[in-house]
Amino acid sequence: MKKSVYILLLSIVFTSCKKWLDINENPSSPNSTVPAPEQRLPPIIAQFADGYESAGTRVAFLAQQLAVTYANNNNWNLTRWYSNVSSANWPWQSWYVNTAVNIQPLIEASEKVGAYHYIGAAKIMKAWGFGYLADFYGMLPYDEFDIPGNLTPRFDDGAYVQGKVIALLDEAIADLQKSQEITAPDLAEGDILNGGKVENWIRLAYGLKARFLNHLTKKADYNPQAVLDALASAPQSDEQSSIMQYVDEEGVADNSKAALQYVNIGSTGRITKLYYDYLSNNYTGAPTGNNNMEDPRMDLLIPRMENREGQLVRTQFVDMSSDLPKAGPSSYNYSASSDRFSNKDSVYVQLRMDPTKPQAGQRILSTGSWYTQRGGKGLLLTNAEMRFIEAEVRLRLGQSAEALTAYKAGIRSHMSIMGITPTVIEQFLSSSSVIQNAGDLTMSHIMIQKYIALSYSPEVWCDLRRMNYCTDASGSYNETVGIYKGFKRPSHVFIEAYPSPTDWPRRFAVPSYEINFNIEQVRKANPNAESPTYLNEPVWWDQP
């Protein structure tokens, strides 16, 4: 689940016996000091998005949004909640090796020319990367990660990292609010995420603050008003969202500009029954009534295949609590000459769109999914997410009418980002498929809609852990009081890590780089880090 991205090489060292080579730099040759801020920021954003969305792919398998064809590989292991040291590697490597080490040089280059907006963007990227990975892994090197010559940096706990992250976001906001010096490049020259819109970067910083502060719902110092204060300055519209637009280069074989989810999921991903049940309101306590309407996102998110009669039929869905995931579904092949598939599991349609235009008499093998199209979008932080956070906080405060408004606004925003027409959106929001009375709205309704709107996002797993999946206070599956109705332990669960029915995935494995080369610091941070049961240990905000 890795894709190639062209990055700026910043580590070329020149040596020579001639003095003039020691004091002059060739601006056409990249090294650690030559590139300007507008040259440094794009690869940082691209590499961050690679790691972030790759973490989201892993979460989609773990969070039962996606199943996979049986191959006994890393993705299949993730569906059984087993994050081994190999599957843990890429988000870590993409951040530390390709991204984090280049942020301070960006800041220093920006300081030389008074490019305060670049400094602000750099601090946001640093806060974002360390913040989401601290939530993902529970612990990581922060203070010592870039000390020259230190190959065994100390691990810091996620609680400490979050304090640093919030402070960085405040600094970033202050930098972005400054006027740049006349010598500074305009932010638009290097901003491949927000198109040079300084306001969007400021709103991104506030949105991240709201996200991180809302993770503390189990802690005594959780401050709902602080979350609402951050939300007030976070994205308020879809145009203020931070969305990565990928490129479908027709006729180009490599995927360097294609959507991360297109690359990562490939032809092996399948839709789970749970994901479909949430889209179709088929869960305990779901909205229902005489005015039901099918969710207009259905055919955008659920792949279809053309049958022999020329009709597009939806994929069948993998029930993760059934026996099927233990050894299936199987991958399949299609023979155009015979118009037949190699096995019966072709009813589980792949998520990648049929890459070729069918010839006469041939079928469409997959309509694909909105998230997995080659020129798709990466929804990194959106107005939709902010509205669902607001709905959750308002409901916690007993403000049910305001919570209902925010819940509907979250659905509306996600559908709008997906390109659904306003008329259809409003018809759906007025139907009985959506809660209409404030008194009927529950946390389950809010979080299930957020689960859909944040498909393939690392943040989904933060929510699942905060809400304790679909369990009661003892950790036992309980559909009456549980939030994520129908979310059960998979039939092929990795029993060594989750020996008890009350065990659920709480953190990702420590990457192999640290296990192999920095094991003493890993053990100091958590003596149980090499044990399978490490995966069910709650991270700091997941503890009472």
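Because the structure is a prediction, the values reported are computed rather than measured.

Draft legend 1. Highlighting the overall build of the chain. Along the backbone of the chain there are 19 helices and 10 strands. For 544 residues, the compact-globule estimate of 2.2 N^0.38 gives 24 Å, and the chain sits close to it at 24 Å. Along the first, second and third principal axes, the C-alpha atoms of the chain reach 80 × 60 × 50 Å. For the chain, the proportion of its 544 residues judged to be buried stands at 58%. Contacts in the chain between residues at least 24 apart in sequence constitute 73% of all its contacts with a sequence separation of at least 6. For the chain, the accessible area works out to roughly 22000 Å², and carbon and sulfur atoms hold 50% of it. Between the averaged position of the 49 positive side-chain charges in the chain and that of its 57 negative side-chain charges there is a distance of 3 Å.

Draft legend 2. Expanded view of the nonpolar core. Ranked by internal contacts, the top residues of the largest apolar core, which has 155 residues, are Trp 128, Phe 130, Trp 201, Tyr 484 and Phe 487. Not counting residues up to four positions away in its chain, the partners in contact with Tyr 484 are Tyr 278, Met 447, Ile 448, Tyr 451, Asp 463, Leu 464, Met 467, Tyr 469 and Cys 470.

Draft legend 3. Region of interest: the confidence of the model for the chain. Averaged over every residue, the pLDDT of the chain is 93; the share at 70 or more is 93%. Per-element averaging of pLDDT across the chain places helix 1 (residues 19-23) at the bottom with 36 and helix 13 (residues 383-396) at the top with 99.

Draft legend 4. Seen up close, helix 9 (residues 224-233). Buried residues of helix 9: Pro 224, Val 227, Leu 228, Ala 230 and Leu 231, and no others. Taken end-on, helix 9 shows its buried residues confined to a sector of 160°, consistent with a single buried face. In this fold, the buried residues of helix 9 make contact with helix 8 (198-214) and helix 13. The N-capping residue of helix 9, defined by a side-chain oxygen 3.1 Å from the backbone nitrogen of Gln 225, is Asn 223.

Draft legend 5. Broad picture of the packing of helix 7 (residues 158-176) against helix 8. Where helix 7 meets helix 8, the axes come as close as 10 Å, and the angle between the chain directions of the two elements is 160°. Relative to helix 8, helix 7 is oriented roughly antiparallel. Of the two elements, helix 7 crosses helix 8, and the hand of that crossing is left-handed. On the side of helix 7, the interface is formed by Gln 162, Val 165, Ile 166, Leu 169, Asp 170, Ile 173 and Leu 176, while helix 8 contributes Val 198, Trp 201, Ile 202, Ala 205, Tyr 206, Leu 208, Lys 209, Phe 212 and Leu 213. Here the contact of helix 7 with helix 8 is composed, by residue class, of 13 nonpolar, one polar and two charged.

Draft legend 6. Summary view of the side chain of Asn 307. Note on placement: Asn 307 falls in the loop between strand 6 (304-306) and strand 7 (312-314). A relative accessible area of 18% means that Asn 307 is categorised as buried. If near-sequence neighbours (up to four positions away) are discounted, Asn 307 is found in contact with Val 313 and Arg 363.

Draft legend 7. The packing of aromatic side chains, seen in detail. Evaluated as defined, the whole model comprises 36 aromatic pairs. Both rings, one in Phe 48 and one in Tyr 132, keep their centres 6.0 Å apart while their planes meet at 85°; by these two values the pair is edge-to-face. One end of the pair, Phe 48, is in helix 2 (residues 37-62); the other, Tyr 132, is in helix 6 (residues 116-137), and 84 residues separate them in sequence. You can call Phe 48 buried: its relative accessible area is 3%. According to the relative accessible area criterion, Tyr 132 is buried, its value standing at 6%. With a centroid separation of 3.9 Å and 15° between ring planes, the pair formed by Tyr 276 and Phe 317 is classed as stacked. With a gap of 41 residues between them, Tyr 276 in helix 11 (residues 273-279) and Phe 317 in the loop between strand 7 and strand 8 (334-335) connect regions that are remote in the sequence. One cation-aromatic arrangement involves Arg 352 over Tyr 262; the distance from NZ or CZ to the ring centre is 3.9 Å. Between Arg 465 and the ring centre of Trp 461, over which it is positioned, the NZ or CZ distance is 3.9 Å.

Draft legend 8. The environment of Ser 346, seen in detail. With respect to the secondary-structure elements, Ser 346 resides in the loop between strand 9 (340-341) and strand 10 (377-381). C-alpha of Ser 346 to C-alpha of Thr 315: the two residues are 31 residues apart in sequence and 8.7 Å apart in space. Residues contacting Ser 346, with those up to four places away along its chain left out, are Met 305, Tyr 332 and Phe 341.

Draft legend 9. Representation of the pairing of strand 10 within the structure. Here strand 10 lies mainly inside the structure; four of its five residues are buried. Inspection of the sheet shows strand 4 (residues 242-245) paired to strand 10 by four bridges, in the antiparallel sense. Among the inter-strand pairings, Ser 242 is bridged to a residue of strand 10, identified as Leu 381.

Draft legend 10. The arrangement of the pattern of salt bridges in detail. For the structure shown, the criterion picks out 31 salt bridges. For the salt bridge of Arg 211 with Glu 459, the shortest nitrogen-to-oxygen distance reads 3.7 Å. Taken together, the residues Arg 211 in helix 8 and Glu 459 in helix 17 (residues 459-466) connect sequence positions 248 residues apart. For the pair formed by Arg 211 and Glu 459, the shared burial category is buried.

What counts, and at which threshold
Residues numbered from 1 in each chain as written. Predicted model: local features only at pLDDT ≥ 70, side-chain atom pairs only at ≥ 80, totals over all residues. Heavy atoms only, no water. Helix = DSSP H or I, 4+ residues; strand = E, 2+ residues; numbered from the N terminus. Rg over C-alpha atoms; globule rule 2.2 N^0.38 Å. Buried < 20%, exposed > 50% of the residue type's maximum accessible area, 1.4 Å probe, protein only. Contact = heavy atoms within 4.5 Å. Areas by Shrake-Rupley, 256 points an atom, 1.4 Å probe, with all protein chains shown as cover. Lys, Arg positive; Asp, Glu negative; His and termini not counted. Charge placed at Lys NZ, Arg CZ, Asp CG, Glu CD. Core = buried A, V, L, I, M, F, W, Y, C linked by side-chain atoms within 4.5 Å. pLDDT = per-residue confidence, 0-100. Arc of directions from axis to C-beta. Polar contact = N/O pair within 3.5 Å; in protein donor to acceptor, adjacent residues only side chain to side chain. Axes fitted to C-alpha atoms, helices over the stretch in contact; angles between N-to-C directions. Parallel < 35°, antiparallel > 145°, perpendicular 65-115°, else oblique. Left-handed = near helix turned anticlockwise from the far one by under 90°. Nonpolar A, V, L, I, M, F, W, Y, C, P; charged D, E, K, R; others polar. Phe/Tyr/Trp six-rings, centres within 6.5 Å; stacked < 30°, edge-to-face > 60°. Lys NZ or Arg CZ within 6 Å of the ring centre and 35° of its normal. Pairing = 2+ DSSP bridges. Salt bridge = Lys/Arg side-chain N within 4 Å of Asp/Glu carboxyl O.

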